[in-house]
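# Structural features, examined
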Amino acid sequence: MTVIANIDSTRPVTTLINVFTVAPEHQQELTDLLARATEETMKHRPGFVSATFHASQDGRRVINYAQWESEEHYRAVLADPEARAHMREAAALATDIQPRLFRVTSSHRKEGPAPYGNIEA
């Protein structure tokens with residue numbers, strides 16, 4: 001099943017943008033770990049909406065863009081032992097982690113069909 005992630009400023013969600021700094025030789029390992037953690041744990045927790053991972057072209061950053069129904073749902077997953085185990089694994093691969101919570105204030109799209117199709121998450 002394909003899930004389409006829509007960034008929508010009218011939805012009252014909490015957005016996590018987490019920037020991981022990583023040695024280039026560990027970037028793929030980190031993105032694989034984050035994807036596995038999401039499939040195995042995060043997406044099964046109450047309030048999970050979506051997660052998308054971005055790998056910088058220089059190999060030094062991985063960005064996790066995730067949305068939760070509320071800040072309370074996000075905070076609950078931080079206390080979850082299974083989720084924390086995945087977070088420790090990610091922290092062991094990264095040299096720096098900068099998680100921040102945001103709210104979407106606006107979203108802009110080109111009119112008509114997207115030039116590259118839908119954005120899939």
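Our subject in this report is the structure included herewith. (Residues numbered from 1 in each chain as written. Predicted model: local features only at pLDDT ≥ 70, side-chain atom pairs only at ≥ 80, totals over all residues. Heavy atoms only, no water.)

## Considering the side chain of Thr14
- As for its position among the elements, Thr14 is in strand E1 (residues 14–22).
- A distance of 2.9 Å separates a polar atom in the side chain of Thr14 from the backbone nitrogen of Glu71.
- Not counting the four nearest positions on each side in its chain, Thr14 is found in contact with Ala66, Gln67, Trp68, Glu69, Ser70, Glu71, Leu101 and Phe102. (Helix = DSSP H or I, 4+ residues; strand = E, 2+ residues; numbered from the N terminus. Polar contact = N/O pair within 3.5 Å; in protein donor to acceptor, adjacent residues only side chain to side chain. Contact = heavy atoms within 4.5 Å.)

## A short note on the pairing of strand E3 (residues 61–68)
- Most of E3 is tucked away: 6 of the 8 residues are buried.
- Both E1 and E3 contribute to a ladder of 8 bridges, which runs antiparallel. Counted as the bridge partner of Leu16 is Ala66 from E3.
- Inspection of the sheet shows strand E2 (residues 48–55) paired to E3 by 7 bridges, in the antiparallel sense. (Buried < 20%, exposed > 50% of the residue type's maximum accessible area, 1.4 Å probe, protein only. Pairing = 2+ DSSP bridges.)

## So, helix H1 (residues 27–40)
- The first and last C-alpha atoms of H1 sit 20 Å apart over 14 residues, in line with the 20 Å expected at 1.5 Å per residue.
- All buried positions along H1 are accounted for by Gln27, Leu30, Thr31, Leu33, Leu34, Ala37 and Thr38. Down the axis of H1, the smallest arc covering the buried residues is 160°, so these residues share one side.
- Buried residues along H1 sit against E1, E2, E3 and helix H3 (81–93). (Expected span 1.5 Å × (residues − 1). Arc of directions from axis to C-beta.)

## With respect to the layout of surface pockets
- Within this model, the second largest pocket holds a volume of roughly 390 Å³.
- Residue lining of the second largest pocket: 23 residues in total, with Leu16, Asn18, Met42, Asn64 and Met87 positioned closest to the centre.
- Every element with two or more residues in the lining of the second largest pocket is listed here: E1, H1, E2, E3, helix H2 (71–79), H3 and strand E4 (94–102).
- Its residues assigned to classes, the lining of the second largest pocket comprises 19 nonpolar, 4 polar and no charged. (1 Å grid on protein atoms, 1.4 Å probe; cavity = no way out; pocket = protein on both sides within 12 Å on 5 of 7 lines; lining within 4 Å. Points joined across faces, edges and corners; volume = space filled by probe spheres on them. Nonpolar A, V, L, I, M, F, W, Y, C, P; charged D, E, K, R; others polar.)

## A closer look at the environment of Met42
- If you trace the backbone, Met42 turns up in the loop between H1 and E2.
- Measuring from C-alpha to C-alpha, the distance between Met42 and Asp80 comes to 9.7 Å, with 38 residues separating the pair along the chain.
- Look past the residues within four positions of Met42 in its chain and what remains in contact with it is Ala37, Phe48, Trp68, Val77, Ala83 and Met87.

## Here we look at the sheet that holds E4
- Taking strand neighbours across the sheet as the criterion, the 4 strands line up as E2-E3-E1-E4 in an open arrangement whose pairing is antiparallel. The sheet terminates laterally at E2 and E4, the two strands that pair on one side only. Strand-to-strand twist of the sheet, defined as the mean angle between neighbouring strand axes without regard to direction, takes the value 15°.
- Helix-sheet contacts for H1 involve E1, E2 and E3, and the interaxial angle to E2 is about 170°.
- Sheet contacts for H3: E1 and E4; angle to E4, the most-contacted strand, approximately 130°. (Axes fitted to C-alpha atoms, helices over the stretch in contact; angles between N-to-C directions.)

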